[in-house]
Protein chains: 4
Amino acid sequence: MAGNIFGNLFRVTTFGESHGNALGGIIDGCPAGIELNFEEIQNELNRRRPGQSSIVTQRNEPDKVNFLSGILDNKTTGTPIGFVIYNKDHQSDDYRHIQNIYRPSHSDFTYEKKYGIRDYRGGGRSSARETICRVVAGSIAKQLIKDIKITSYVSSVGNISINKPYQDLDLSKIEESPIRCPDSYTAEKMISLIRKIQKKGDTIGGTITCVVKNVPVGIGEPVFNKLHAELAKAMLSINAVKGFEYGSGFFGSELTGSKHNDLFNSDGSTKTNFSGGILGGISNGMDIYFRIAFKPVATIMQKQKTIDKKGNLVFMEGKGRHDPCVLPRAIPIVESMTALVLADYWMYRKLSKYSSIRN
Amino acid sequence: MAGNIFGNLFRVTTFGESHGNALGGIIDGCPAGIELNFEEIQNELNRRRPGQSSIVTQRNEPDKVNFLSGILDNKTTGTPIGFVIYNKDHQSDDYRHIQNIYRPSHSDFTYEKKYGIRDYRGGGRSSARETICRVVAGSIAKQLIKDIKITSYVSSVGNISINKPYQDLDLSKIEESPIRCPDSYTAEKMISLIRKIQKKGDTIGGTITCVVKNVPVGIGEPVFNKLHAELAKAMLSINAVKGFEYGSGFFGSELTGSKHNDLFNSDGSTKTNFSGGILGGISNGMDIYFRIAFKPVATIMQKQKTIDKKGNLVFMEGKGRHDPCVLPRAIPIVESMTALVLADYWMYRKLSKYSSIRN
Amino acid sequence: MAGNIFGNLFRVTTFGESHGNALGGIIDGCPAGIELNFEEIQNELNRRRPGQSSIVTQRNEPDKVNFLSGILDNKTTGTPIGFVIYNKDHQSDDYRHIQNIYRPSHSDFTYEKKYGIRDYRGGGRSSARETICRVVAGSIAKQLIKDIKITSYVSSVGNISINKPYQDLDLSKIEESPIRCPDSYTAEKMISLIRKIQKKGDTIGGTITCVVKNVPVGIGEPVFNKLHAELAKAMLSINAVKGFEYGSGFFGSELTGSKHNDLFNSDGSTKTNFSGGILGGISNGMDIYFRIAFKPVATIMQKQKTIDKKGNLVFMEGKGRHDPCVLPRAIPIVESMTALVLADYWMYRKLSKYSSIRN
Amino acid sequence: MAGNIFGNLFRVTTFGESHGNALGGIIDGCPAGIELNFEEIQNELNRRRPGQSSIVTQRNEPDKVNFLSGILDNKTTGTPIGFVIYNKDHQSDDYRHIQNIYRPSHSDFTYEKKYGIRDYRGGGRSSARETICRVVAGSIAKQLIKDIKITSYVSSVGNISINKPYQDLDLSKIEESPIRCPDSYTAEKMISLIRKIQKKGDTIGGTITCVVKNVPVGIGEPVFNKLHAELAKAMLSINAVKGFEYGSGFFGSELTGSKHNDLFNSDGSTKTNFSGGILGGISNGMDIYFRIAFKPVATIMQKQKTIDKKGNLVFMEGKGRHDPCVLPRAIPIVESMTALVLADYWMYRKLSKYSSIRN
């Protein structure tokens, strides 16, 4: 398996299965001299944690990260930052029944065909538990680029969506509701929908909107590594994500150029921001914003027909503890992946212009 | 500038500006022994070529590719394939007027701030002319993975869209219309819309749908390099792309798990394909399909207010030869980027399982 | 800091400081389905371990590796293999006295200038303790390419050297002497030299010869990533290494082509092997052999003049537990780095020739 | 084939065969705003050129480089720099006789086994003609890091060597002799040896010493990417190189720590420089110096026994135009590879310490 490394200059490598001993990672390329706030890191993990409210999975993990290297007196030293999160509450017995079957819309089938072997316990490496390492690394990335403010919120659940642009929302209210939607009226509707779905043993998808403020001009590399292309990859690499659009997105494809062009103010800012803060793959200093679609969780508490390894049709029913809707817990993951992309390309930005050899 | 390299094992590096001497690239990692069909490569370039119909730009470039290495007796030798396309019809004078101004929704502003210098002639490196190298490399990638069939078509222009899933279309008809829409009724409507827009000196966006058939199981790497994440990055790296969705996409975010799950047939295929042929980042053997949003071309033939380098407000009007709608010419680019991703991960696939050292 | 990742397809990332909590690493890209022999891994660690004989450092570390992921029922699953080795016997107090001084021929000065901060405890990341992770990864690499036999031995200590080519030695005797020299007569002389040096509080350098047998033809990539170029990088990346030569090496530079050319036998093997098993960067099936020079350990138990951070001249004396001669403990490190290079390029080898898309 | 890309941040990709249409490359990552001196670039190519004196090959190539992109008004723009050198004087007929045979100590055998196909004309990709692209890229790298002075000279030919350290030589005299040895007495002896060897149709090896002055502190990344490890890889990637040593090198392995340690002056410089300007993989501001061994050219003008593809023993005799001793022409290649490594790690150096997000 390749693909457990993300980023180039600020680079994180991760490991770990849902029901293995531990998950962890290594950040290689973090500059020396950053004063780390460990409480903030733990806070991000808590936002992702299972069991934090009644609408998410009740798996009970403390999700405490141990840093093993790269830090002296709370400051990064420039050496790789190794970290580990031990699994505690892994009830692998819940998964014995799926050892020989392929769950619908899970990766059981593809993993087994590709590798000839599969860690069936809790989805193994394909479990969303893997994202915990992204949050650790992402929260360090956030501290590296601390003037940049990354905020995301649940903008729809099923067919219930906020019908306002982010500019009309009070983003300080996101954390007030368990669904992480800043519009309290919509949040209520989302929560009742989830409860209704949950009672049926079903699950539901939704979308998250992410807004990035205070981005300096010049982040992103043109051509193949456009900033929005890296963001798209980062977002689609999150479990269950099916789509990504930034700025005017799919709606922008319906417009004419004369409507869509963002006219300049004399300071280089623009009057509108259909561009979503990125032009030619490079940040232009305006807000970056994008929207991401999540499919409904594949594990449902209903009886489903599926097949076993030999192709026999069998019945299965979801066991274990699962989220009826992953959206609220995905918020810190989306923000972390955004921070990882921005930190990486912020470092590239230092290399664009020539400066004397002595510097 | 970083970011002129795409792929890892089948890797292409490109260079070239819109109005420089030439564009070109190097493919490193193409296996030895592939019999190349040069006519097919040129055919792909012709599909991307300006001047091929009345609804695209009239820049007249032969776009003939010269291969400089890596090929002996029409077969790849395993060494890097260097290629070059000389620019002929570059009327740089058309661009003198923009040397000191920043065009709205172009990358003039971001390039100049990032690099302190900008090749203003025809957009320089940020011009979509850059994509010609992608088509050369992509058409070789297509020949490497030749059993896989990649087809794409224009699924909407402005608010005119095909209201049928790809399964209900006759994809053999795509090349019959200049807009590359397989549904002749919709194609006609799209073309009239473009002509109307063009008369006003305006431009229009749209979407492209891409369908990949006959994909073997096991392509894609989980976690950060999921197959759809790489496809998303590849698509968003194309000029003017604003969004990407695969399988059920944004619509899937409105569904419940019980509706969205793809149930298996006993042979491992699935009854529905909301998953879009990819599970856990790995191809499952079903069709891969995705949809991409393009914004309207930023260069319009209308007078626009903008700013010069000093922040003065100035008026400008588009000159040069531009597309009112890039969609039909983007088709081979979309297919090429898809082929590059698939070729790269098809090569990774050979490494997943252990096989004896002697093989 | 970059540079904590080694390899491309079989790729290891490491972390950890000499006196931090732990060292560890992640192997990304190990194929699925390899049955691991953990005893062999621990055996390699024991060969590198401090305290194993009277001529090496007496730091007493159990050096027990914990695997955290990527393995199920003793078999690799294809997912990343995370591992950690906790530090136990780290007497950081031994290093207080060097917190503000730069030790001669150590990296204290360069680390501090480069990063502005330095983990002074035991050399921090620059300590040879870092190589423990290389041995873990390398011993897994050895099991991946298990038909290939990698053997190395101490070929000189100071000016005492074995004056025979490796073909005339009984390599099965290497582990019999604490100095890991297969020639018992020379081994004795080396050991007495080390004891003499040690009594004076001094240290001594030497060379290691590595022989790789049973290598299939075709490993290595021409041009920049020649097999011997990667081996050279791998060896020079080991602490204290000052030189590398393969095949005829420096001696070969004195010869004429007519003497140096290796003539073929009819089966493609060669009568002589000045080439050292590699032609054009690619293995030719003959034995690969190379020799590596190690400088004497910089920490000596004698009083030395040096400077502190402010440039004041100060006296210092080595404290802590150090090797008078690192050579015997470097043997498994040399072999591990060799295995990592070979495993990586053995995987590349699967990609050279075209084979049908369905395979 | 992989391995046609060198460097990470200052990255060059090359292509081209000895007798193909052209060779060329792309530099990705060169900062914007460097004023290029094209005469200097051509001068470097001339130093590498065949036919420049009676002791080198008489192939007559103008070796004129054409830059195709990335430069505006003689300044780098930050976009990739594409370049091409067309082959003119390629007398492929000289090589028909080797189409079906494997030349001793050439890569014919390994290329054919690895790729199943081989461009036999002039050695194809394995020809040292490939290094022309390294010189183009390297001479641009030199201009990027222009305060650093890289100088190399022939320090031995066969068993004739300069018996003085580089500090005792007048390096300004290197270009005065066709053998590029700064010591005129030794140079004469080298030249007569080469002429003698040449008359016999034979060839001879030798060593090159490279000295790098004025290097700032802090270049190089510890652990796997130590500066000297990258230099070793770079040097061993040059055709015919068999060994590398830096600083005290192999000789240093015979010393004791008390002799070998470089004591500090109060300004951080050292009294001796056994370390060769690098400590812990990072430059310490002292001169970097290293020595490289080249084997004798494998193509000799004498009758040799060898085998054809079927394993039949056949006789062959060198045809074509070849160097009796590659050393003088290798000088600019050694310097170019050195410059590429230093430029790449000089760029990494900008990333080590934290600096505010706004910078």
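It should be emphasised that the depicted structure is a prediction, and the values quoted were computed from it without experimental measurement.

(A) How the structure looks around the overall build of chain A. Within chain A, the regular secondary structure consists of eight helices and 17 strands. The C-alpha radius of gyration computed for chain A amounts to 21 Å, which stays within 12% of the reference 21 Å derived for 359 residues, consistent with globular compactness. Over its C-alpha atoms, taken along the principal directions, chain A stretches across nearly 65 × 50 × 35 Å. For chain A, the residues scored as buried account for 72% of the 359 residues in total. In chain A, the proportion of contacts linking residues at least 24 apart, taken out of those at least 6 apart, comes to 71%. Total accessible area computed for chain A in this model is approximately 11200 Å², and 46% of it derives from carbon and sulfur atoms. A gap of 4 Å separates the mean positions of the 47 positive and 36 negative side-chain charges of chain A.

(B) The arrangement of the relation of the copies chain D and chain A in detail. In screw terms, the move from chain D to chain A is a rotation of 180° and a rise of 0.0 Å along the axis, fitting with an RMSD of 0.0 Å. Such a combination of rotation and displacement between the chain copies is what one expects of a two-fold axis. The rotation axis passes nearest to the C-alpha of Lys350 of chain D in chain D, at a distance of 3.6 Å. In this assembly the copies share their binding face: 100% of the residues contributing to the interface of chain D also contribute to that of chain A.

(C) Highlighting the confidence of the model for chain A. Taken over all residues, the pLDDT of chain A has a mean of 94, while the share at 70 or more is 96%. Both confidence scores are given for the complex: pTM 0.97, ipTM 0.97.

(D) Representation of the interface of chain A and chain B in the model. Across the contact, 105 residues belong to chain A and 104 residues belong to chain B. Taken over both partners, the interface formed by chain A and chain B buries close to 7900 Å², and the fraction arising from carbon and sulfur atoms is 63%. When the buried surface of chain A facing chain B is broken down by residue, Lys114, Phe224 and Lys242 of chain A rank first, second and third, together holding 12% of it. Counting across the chain A and chain B interface gives four salt bridges. A salt bridge links Glu230 of chain A to Lys233 of chain B; its shortest N-O distance comes to 2.9 Å. Linking chain A with chain B are 49 residue pairs in polar contact (both at pLDDT 80 or more), by the criterion used here. Across the side of chain A that touches chain B, the residue classes tally to 41 nonpolar, 44 polar and 20 charged. Alignment of strand S12 (residues 241-246) of chain A against strand S12 (residues 241-246) of chain B, held across three bridges, turns out to be antiparallel. Residue pairing in the sheet places Gly243 of chain A in a bridge with Glu245 of chain B of S12 of chain B.

(E) Looking closely at helix H1 (residues 38-48) of chain D. Taken together, the buried positions of H1 of chain D are Ile41, Gln42, Glu44, Leu45, Arg47 and Arg48 of chain D. Lining the buried residues of H1 of chain D we find strand S4 (66-67), helix H3 (131-144) and helix H8 (327-349) of chain D.

(F) Spatial organisation of the relation of the copies chain A and chain B. With an RMSD of 0.0 Å, the operation that places chain A on chain B is a rotation of 180° combined with a shift of 0.0 Å along the axis. Counting the interface residues of chain A, we find that 99% of their copies in chain B are interface residues as well, pointing to one common contact surface.

(G) Inspection of the interface of chain D and chain A at higher detail. On the side of chain A, 27 residues touch chain D, which itself brings 27 residues to the contact. Where chain D abuts chain A, roughly 2300 Å² becomes buried across the two surfaces, and 55% of that area is made up of carbon and sulfur atoms. Applying the counting criterion to the chain D and chain A interface returns six residue pairs in polar contact (both at pLDDT 80 or more). Looking at the side of chain D that touches chain A element by element, the count peaks at four residues for H8 of chain D. Among the residues making up the side of chain D that touches chain A, the classes are represented as 15 nonpolar, six polar and six charged.

Conventions we followed
Residues numbered from 1 in each chain as written. Chains lettered and ligands numbered in written order. Predicted model: local features only at pLDDT ≥ 70, side-chain atom pairs only at ≥ 80, totals over all residues. Heavy atoms only, no water. Helix = DSSP H or I, 4+ residues; strand = E, 2+ residues; numbered from the N terminus. Rg over C-alpha atoms; globule rule 2.2 N^0.38 Å. Buried < 20%, exposed > 50% of the residue type's maximum accessible area, 1.4 Å probe, protein only. Contact = heavy atoms within 4.5 Å. Areas by Shrake-Rupley, 256 points an atom, 1.4 Å probe, with all protein chains shown as cover. Lys, Arg positive; Asp, Glu negative; His and termini not counted. Charge placed at Lys NZ, Arg CZ, Asp CG, Glu CD. Least-squares fit on C-alpha atoms with pLDDT ≥ 70 in both. pLDDT = per-residue confidence, 0-100. Buried area = accessible area lost by both parts, 1.4 Å probe. Salt bridge = Lys/Arg side-chain N within 4 Å of Asp/Glu carboxyl O. Polar contact = N/O pair within 3.5 Å; in protein donor to acceptor, adjacent residues only side chain to side chain. Nonpolar A, V, L, I, M, F, W, Y, C, P; charged D, E, K, R; others polar. Pairing = 2+ DSSP bridges.

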